[in-house]
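If you want the building blocks of each chain, they are given just below.
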Amino acid sequence: MPWRQERDPYRIWVAEIMAQQTRIETVRPYYGRFLGRFPDVFALARAPLDDVLKSWEGLGYYARARNLHAAAREVAASYGGELPPDAQRLRRLPGIGPYTAGAIASMAFGLPEPAVDGNARRVLCRLFDLDAPTSATLDGAARELLASCTRPAELNQAIMDLGGGICGPKRPRCGECPLEDDCQARERGTVAERPARRPRRPLPHQDVAVGVVWKDGRLLIARRPEDALLGGLWEFPGGKIEPGESPPAAVERELKEELEVEVHVRDLIARVEHAYSHFRVTLHAYHADWVSGEPRLRAATAWLWVDPSRLTEFAFPRGSQRIIARVSGTADIAG
C-alpha cells in the first residue's frame, strides 16, 4: 500500500476515505492521481466539486468524494489547513466516522485510538470470543490491546493485516497466527462462528429508462442534486419505469415531468445492468430527439447541451459511462 509509510495526515485521510468499501488494488491508481491533482487540503478545498468528482469517477460511493471536499473546505477555513490531532474533532468533519478518525489519529498523530475495520472486527471477535458485539464492546476490546502499546499505528495496522490475511473469514490459518495462544475462540472451538454472520437480504431491483436526447448535434445532460444518490454527477435524464409502462413511454414522461422537455424516442442504445450497495438497476437507454421546451431545473441542479466529444469532460456514473461508450462508438455493449 503506497500510503502505509505515510505520516502526512492529509495523505492518510485521502487513503482511508478511498479504501472504504473498496479493494486496495482498485484504490492504488486513484490515490496517486488524486494527490497529483489535489496535493494538499487547500488545493482540494479550492477545487470545484465537479473536478473532484471527475477525479473520483469510477471509484464509486461518491458521497465519500463530496464529504472529503466539504471537510477539506472546513479544515481550510477552521483549522488553517491542518487536520485536528484529536479523534473527537476529526469525527465532527463530514465523512469521518469512528474508524477513519481512529486511523488518522493513530497513524498520523500516534494517538492510542482504535481503528476497527471489518478485518479488525473479525480478529477482535475471535481473540475475545465475541458473538455479536456492539460498537462499544469492540471499542473497549481494541483499547484493551492499545493500553500497553507504545506504537498504536503499527498495532492497528497489524490487526487489520492479520484479519486480511491469516485470520480470514473462511479457513483461517490459526497455526500461523501470532495470537493463537491468546485466542479465546481458538481455545473454545468457536473460531468458525466468530463473528456471527448477518443474513444477506436479496437486493431489490429497479428498471430505469433514460434518454440520450439530441438537438442540433448536441446532447442533453443534467446534474444530480448533491444530497441524492450519485449526487453531483452528470447523467442522461430519465427515471424509474412505472408498473405497466414501456421504457420509451417512461423516457417521454420523465423528461416532461422533470425538465419540461418534450422528446420523440427512437431506438434502444443499450440495456445496462448495474449493482449498488442496496439495490440493482437495469438502465434502458434510448436515442431521443428534442421536440420542444426549454429544460427547467426541478430534479436537477444544472443542465447542458454538449457536443458528444465533450462528454468525457464530465463525471458520470459507471452505467452512464457505458452508454457514452456506445454512443461514441468506442465500445460494443450487448443489448
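Scroll up a little and you will see the structure.
## Looking at the packing of helix H2 (residues 24-37) against helix H4 (residues 49-56)
And then number 1: Put simply, H2 and H4 touch, their axes get as near as 10 Å, and they point 155 degrees apart. In terms of their interaxial angle, H2 and H4 are classed as roughly antiparallel. Considering how the two elements wind past one another, H2 and H4 form a crossing that is right-handed. Between H2 and H4, the contacting residues are Tyr30, Phe34 and Arg37 on the first element and Asp51, Val52, Ser55 and Trp56 on the second.
And then number 2: Grouping the constituent residues of the contact of H2 with H4 by class yields 4 nonpolar, 1 polar and 2 charged.

## Regarding the pattern of salt bridges
And then number 1: Tallying each qualifying case throughout the model produces 22 salt bridges.
And then number 2: Its salt-bridge partner being Glu25, residue Arg23 comes within 3.7 Å of it at the nearest N-O pair.
And then number 3: Its relative accessible area of 48% is what places Glu25 among the partly exposed residues.
And then number 4: A salt bridge links Asp139 to Arg143; the shortest N-O distance between them is 2.8 Å. Placement of the pair is Asp139 and Arg143 together in helix H9 (residues 135-146), with a separation of 4 residues, close to one helical turn.
And then number 5: When its relative accessible area of 34% is taken as the criterion, Arg143 is described as partly exposed.
And then number 6: Taken together, the shared-partner salt bridges in this structure form one network comprising Asp129, Asp131, Arg188, Glu193 and Arg194.

## A short note on the pairing of strand E2 (residues 218-223)
And then number 1: With 2 bridges joining them, strand E1 (residues 205-215) and E2 adopt antiparallel strand pairing. Note that in E2 the partner of Trp214 across the bridge is Leu219.
And then number 2: Counting the residues that bridge the hairpin from E1 to E2 gives 2 residues, and of these Asp216 lies at a positive phi of roughly 55 degrees.
And then number 3: With 5 bridges joining them, E2 and strand E7 (residues 302-306) adopt antiparallel strand pairing. Residue pairing in the sheet places Arg223 in a bridge with Ala302 of E7.
And then number 4: Summarising the sheet, E2 and strand E3 (residues 234-235) pair through 2 bridges and their orientation is antiparallel.

Rules and cut-offs
- Residues numbered from 1 in each chain as written.
- Predicted model: local features only at pLDDT ≥ 70, side-chain atom pairs only at ≥ 80, totals over all residues.
- Heavy atoms only, no water.
- Axes fitted to C-alpha atoms, helices over the stretch in contact; angles between N-to-C directions.
- Helix = DSSP H or I, 4+ residues; strand = E, 2+ residues; numbered from the N terminus.
- Parallel < 35°, antiparallel > 145°, perpendicular 65-115°, else oblique.
- Left-handed = near helix turned anticlockwise from the far one by under 90°.
- Contact = heavy atoms within 4.5 Å.
- Nonpolar A, V, L, I, M, F, W, Y, C, P; charged D, E, K, R; others polar.
- Salt bridge = Lys/Arg side-chain N within 4 Å of Asp/Glu carboxyl O.
- Buried < 20%, exposed > 50% of the residue type's maximum accessible area, 1.4 Å probe, protein only.
- Pairing = 2+ DSSP bridges.

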